[in-house]
Amino acid sequence: MKFMKLGSRPDTFCTSEAVKSVSSEVSSDLIVQVKGSRYLLHKFPLLSKCLRLQRFCSECPESSQQQIVQLPDFPGGVEAFELCAKFCYGITITLSAFNIVSARCAAEYLQMTEDVEKGNLIYKLEVFFNSCILHGWKDSIVTLQSTKAFPLWSEDLGITSRCIEAIASKVLSHPSKANLSHSYSRRGRDDVSCNGADSQRHKPVTKGWWAEDIAELGIDLYWRTIIAIKSGGKVPSNLIGDALRMYASRWLPNIPKDRKKSKQVESEPDSDSVGEVNSKHRLLLESIISLLPVEKGAVSCSFLLKLLKAANILNASSSSKMELARRVGIQLEEATVNDLLIPSLSYSNDMVYDVDIIMIILEQFMLQGQSPPTSPQRTKGGFERRRRSRSADNVDFEFQESRRSSSASHSSKLKVAKLVDGYLQEIARDVNLPLSKFIALAEALPDFARLDHDDLYRAIDIYLKTHPDLNKSERKHLCRILDCKKLSMEACMHAAQNELLPLRVVVQVLFFEQARVAMAGGQVTELPNNIKALLATHGDPTKPQASLSTNTTGPAEDQWSVSGLKSPKSKLSTLRMKLAEDDDLDENYTDGIGKSSRVKPLCSVPTRPKRMFSKLWSINRSASEKN
């Protein structure tokens, strides 16, 4: 930190209660009142350097030996005035980044210009500011911070803008170096003594060397500084993202995640002060959102979702929420289930999590890409070599590029489908979650995105356990989103004895399970034609099925147990019990298939499930006897 000393005389100011005076043989003839403090001074040293005091004294006639001047709106207060007064007396003063702003504003107020006297205080302050303060990294930041106390004066004098430009120029000159940061220089020296592995481990920290220091700025000054840095175009967007993440963790509060706690805070007696604090935090959050780089991947999806949670709790503007939802949708495949658990603060419903914002995110995600394109049609001539113009080569290149992007989009949809199924398992435990919202989330992704339906089945199972009051029609409507052909053997075994599932689903599950057993035993020819057709659309069932797995953990009652299913006899007893409870299956089942074209290929089963199950049972028994 740089400093400058002016004057050579010792300090002769003395204080008696609220009155300050200068030790001198000459009696004082000027009384200056500054914010409750009274100074007994002399006209000659002050009026010779301060044009404003000259005008005050000339306008007010002398009524006594001591003339009184009142300065109620003096910038910088008592300390700044005393600094200027000591300069007029030639007393030694020390200037640094901590007090140069207040001294400069005070000197401007007193009009201590070169027109009054050569080498006046304003001139000396400007020389020190331009030659020393703006050349130092820490000095520039400290000076910029101190302008917050004098926003209008600092703007008019150009102090704020010059500090911002100096900071931005240093960042643009060394965007990834640490030689200008005091805080990081210490870490850099420590890293030198470490071995190579440790150095590599600490290396990523160097990216945000400047972000640590400017994170101490208020949001207004920080916003202007980041804008100046971004406008230079030399700092990578990921470094800007790291700086914003660091600033958010520094200033955004630890907002309660529980909606009840948040509502309790709002209803407290001092809710006015709490509302004012929330308003400041809301402004800070929206400013951070406006600074986010436009490039994909500049900030992590997890950080974006944390900002979205904060926006939900702080009741940020809808435009800010939509902007965050759009950015999250672009890189949704990077998120985790915990990231998506955004608390709901709506007074119109009692849901635990905000499902609507996740639905918006999924819609934004689906807008990012299309399904993988098919290959271009080939001519009847086979692989004939033809001459192609340059335009044809360009078309082929663009086609290959579109295939790459579409393939990446396809891969992203597979990841997001796993993510959504895990999210469904979490929100399914909410007793206030409407069935329509659960189904809408499950159907937000295309069918090809789910390679298996084990995680989706687990979510449905949890929802049925949490909502035991669903009627038969609602259960059927819920289970229509399930594709029994995509269930693993373990999932089929659990579903076959799941008392909460509709009978139609259990019948489908048993069909595919018995068919796989029969085909594995070489009895494919004995299967009914309709089951063969279903299996043909699914593929080769002899291939090993993926084991049931999920990324989320739940209560013990949500875990699957298939210990009770040891033989086809138990499946038969389960089915018979369900048939006894559903005597109108034939009519409702066929009507349901006819009305829903989406489940038609999945439910092409005979209209008499008892007779059909007996046939399957006989097939399985004969296969086991032969083995």
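Conventions we followed
- Residues numbered from 1 in each chain as written.
- Predicted model: local features only at pLDDT ≥ 70, side-chain atom pairs only at ≥ 80, totals over all residues.
- Heavy atoms only, no water.
- UniProt positions renumbered as here; feature names shortened; annotations may be inferred.
- Pairing = 2+ DSSP bridges.
- Helix = DSSP H or I, 4+ residues; strand = E, 2+ residues; numbered from the N terminus.
- Axes fitted to C-alpha atoms, helices over the stretch in contact; angles between N-to-C directions.
- Contact = heavy atoms within 4.5 Å.
- Core = buried A, V, L, I, M, F, W, Y, C linked by side-chain atoms within 4.5 Å.
- Buried < 20%, exposed > 50% of the residue type's maximum accessible area, 1.4 Å probe, protein only.

- You'll find the chain entered in an unreviewed UniProt entry as NPH3 domain-containing protein, with Davidia involucrata given as the organism.
- In its Pathway (unreviewed entry) section, the UniProt record describing the chain reads: "Protein modification; protein ubiquitination."
- In the Sequence similarities (unreviewed entry) part of its UniProt record, the chain is described as follows: "Belongs to the NPH3 family."

### Remarks on the sheet that holds strand β4 (residues 30-34)
- The sheet built from 5 strands is open, its strands ordered β2-β3-β5-β4-β6 with mixed pairing. In this open sheet, the two strands that pair with only one neighbour each are β2 (13-16) and β6 (67-70). Averaged over all pairs of adjacent strands, the angle between strand axes in this sheet comes to 20°, irrespective of strand direction.
- Note that strand β3 (residues 19-22) and strand β5 (residues 37-41) share 3 bridges and pair parallel. Paired with Lys 20 across the two strands is Tyr 39, which belongs to β5.
- Contacts between helix α2 (residues 51-59) and the sheet are confined to β4 and β6, with β6 contributing the most and set at about 125° to the helix.
- In the packing of helix α3 (residues 77-89) onto the sheet, contacts are made with β2, β3, β4 and β5, and the angle to β5 comes to roughly 5°.

### Here's the deal with the nonpolar core
- The biggest cluster of nonpolar side chains holds 153 residues, and the ones touching the most others in it are Leu 71, Phe 81, Met 112, Trp 210, Ile 214, Leu 332 and Phe 438.
- Among the elements that take part in this core, α3 stands out by supplying 9 residues, more than any other.
- If near-sequence neighbours (up to four positions away) are discounted, Leu 71 is found in contact with Val 32, Gln 33, Val 34, Lys 35, Leu 53, Phe 56, Phe 81, Tyr 109 and Leu 110.

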